[in-house]
Amino acid sequence: MKRKFPESELIINADGSCFHLHLKPEFLADKVILVGDPARVNTVANHFDSIEHEVSSREFHTITGMYKGKRITAQSHGIGCDNIDIVANELDTLANINYETREENDEHRTLTMVRIGTCGGLQPFTPTGSFIASVKSIGFDGLLNYYAGRNQVCDLEMEKAFCEHMQWNPIKGAPYVAVADRELIDRVAGDDMVKGYTVACGGFYGPQGRVLRADVLDPDQNKKIEAFEYDGMKICNFEMESSALAGLASLLGHRAMTCCMVIANRYAQKMNTEYKNSIDTLIEKVLDRI
């Protein structure tokens, strides 16, 4: 028997669009480029050969169009895993729920989602300007812990090894290790992106070990993160969304990954604030390979 979703759970606007994104099912392509900055949606869409739909609501900006024969949706999500929770779930409803009957569709529709972002590099081999593909993401945000089935889509052995290495303080909540789609990683990352692990943080300052006027709980956190190694790979970068995207995509039956350009190297204490032009190179790579 198919599930039916009440108004309080599946919130549909008066115009038939989903609650936050203001998208209707027919406006969603199977291939989705996700970006944090709403303005970066235009940067992606500047490469499109044609545009069929555009809508903006809060930090959520969407453009769907054609690129070299491929129908693609460029979608912004804002900052943080909490926003990924909104975007991933609402995109899934558009793909897999009939908005007229509020019932699940008979056939599952799989989305391919690639997030293009910026990050902080954590290793000497990830200087500013590097492109990093997140093979696995360690979520400090706790989001996936609220979903049944998180153990089935996470690398539990790596979680255990990481917590032991970090001497993890449980007051911070349990970290989880979400796994990106392997075939998508190989295809999109190719041989010109660094493949490694990522820490997805629940904030930009304290959770990433930045100290301004408020001290952090573990002053040695970043040194321990930089030293962690598992299955021959190291943690390459900090960002704030990859774990939720990979984890929710796995739970919902979609394919997802994150690739980022390094704009700050925490190891070398270097920062590049003039990155907005150079990230276009990464966007082109992803558009060609998705």
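Structure shown above.
Residues numbered from 1 in each chain as written. Predicted model: local features only at pLDDT ≥ 70, side-chain atom pairs only at ≥ 80, totals over all residues. Heavy atoms only, no water.

## Overview of the overall build of the protein chain
Note the cut-off: Put simply, DSSP marks the helices as runs of H or I at least four residues long and the strands as runs of E at least two long, and each gets a number from the N terminus on. When accessible area is computed with a 1.4 Å probe and restricted to protein chains, residues below 20% of their type maximum are described as buried, those above 50% as exposed, and intermediate ones as partly exposed. It only takes one pair of heavy atoms within 4.5 Å for two residues to be counted as in contact. Each accessible area value is a Shrake-Rupley result obtained with a 1.4 Å probe; residue values ignore everything except the protein chains displayed when judging cover. The positive count covers Lys and Arg only, the negative count covers Asp and Glu only, and His and the chain ends enter neither. Every charge is mapped onto a representative atom, which is NZ of Lys, CZ of Arg, CG of Asp or CD of Glu.
In terms of regular secondary structure, the protein chain is built from eight helices and 14 strands. Taken along its principal axes, the extent of the C-alpha atoms in the protein chain is 55 × 40 × 40 Å. With 290 residues in all, the protein chain has 53% of them scored as buried. Long-range pairs, those at least 24 residues apart, make up 75% of the contacts in the protein chain between residues at least 6 apart in sequence. Carbon and sulfur atoms make up 49% of the accessible area of the protein chain, which amounts to about 13,300 Å² in all. Counting 31 positive and 41 negative side-chain charges, the protein chain places the averaged centre of each group 4 Å from the other.

## Some words on the packing of aromatic side chains
Operational definition: Two rings from Phe, Tyr or Trp (for Trp, the six-membered ring) form a pair when their centres are within 6.5 Å of each other. A pair whose planes differ by under 30 degrees is stacked, one over 60 is edge-to-face, and the rest are tilted. By definition, being over a ring means that NZ of Lys or CZ of Arg is both within 6 Å of the ring centre and within 35 degrees of the ring normal.
The tally for this structure, following the rule as stated, stands at six aromatic pairs. Note on Phe204 and Tyr205: the rings are 4.9 Å apart at their centroids and 80 degrees apart in plane angle, and the pair reads as edge-to-face. For Phe204, a relative accessible area of 41% corresponds to the partly exposed category. Ring plane angle 10 degrees and centroid distance 6.4 Å describe the contact between Phe228 and Tyr230, whose orientation is recorded as stacked. An aromatic cluster of three or more residues is present, and its members are Phe140, Phe162, Trp168, Phe228 and Tyr230. The positively charged end of Arg210 is found above the aromatic ring belonging to Phe204, 3.9 Å away from the centroid.

## Topic: the nonpolar core
As a reminder, the rule being used: To qualify as a nonpolar core, a set must consist of buried Ala, Val, Leu, Ile, Met, Phe, Trp, Tyr and Cys residues joined through side-chain atoms within 4.5 Å.
With 33 residues, the main nonpolar core has Leu91 and Met113 as its most contacted residues. Contributing elements (two or more residues each) for this core: strand S1 (31-35), helix H2 (81-96), strand S9 (176-179) and helix H7 (242-252). Ranked by residues supplied to this core, first place goes to H2 with seven residues. When sequence neighbours within four positions are dropped, the list of residues in contact with Leu91 reads Leu21, Leu23, Leu28, Val32, Leu34, Gln75, Leu111 and Met113.

## As for unusual backbone geometry
We note that Lys68 has phi near 50 degrees; this positive angle belongs to a residue other than glycine. A positive phi angle, close to 65 degrees, is found at Arg102, a residue other than glycine. If you trace the backbone, Arg102 turns up in the loop between strand S5 (97-98) and strand S6 (103-104). Residue Arg102 is classed as buried on the basis of its relative accessible area of 17%.

## What to know about helix H4 (residues 156-166)
So the rule is basically this: Comment: arc refers to directions from the helix axis out to C-beta atoms. In the analysis that follows, any N or O atom pair within 3.5 Å is treated as a polar contact, provided that within protein one partner can donate a hydrogen and the other can accept it, and provided that, for residues neighboring in sequence, both atoms belong to side chains.
Every buried residue belonging to H4 is among Met158, Glu159, Phe162 and Met166, and all of these are buried. Each buried residue of H4 lies within a common arc of 105 degrees when the element is viewed along its axis, so the set occupies one face. Exposed and oriented more than 90 degrees from the buried face of H4 are Glu157, Lys160 and Glu164. Two or three places before Glu157, at the opening of H4, Asp155 has a side-chain oxygen 3.3 Å from that residue's backbone nitrogen. Positive phi shows up at Gln167, right after H4, with a value of about 50 degrees.

## Quick look at the environment of Arg115
Assignment of secondary structure puts Arg115 in strand S7 (residues 112-121). For Arg115, a relative accessible area of 2% gives the class buried. In sequence terms Arg115 and Ile171 are 56 residues apart; their C-alpha atoms lie 30 Å from each other. With sequence-adjacent residues up to four places away left out, Arg115 is seen in contact with Leu34, Gly36, His77, Glu239, Glu241, Ser242, Leu245, Met257, Thr258, Cys259 and Cys260. Reaching out from Arg115, the side chain makes a polar contact with the side chain of Glu239 at a distance of 2.8 Å.

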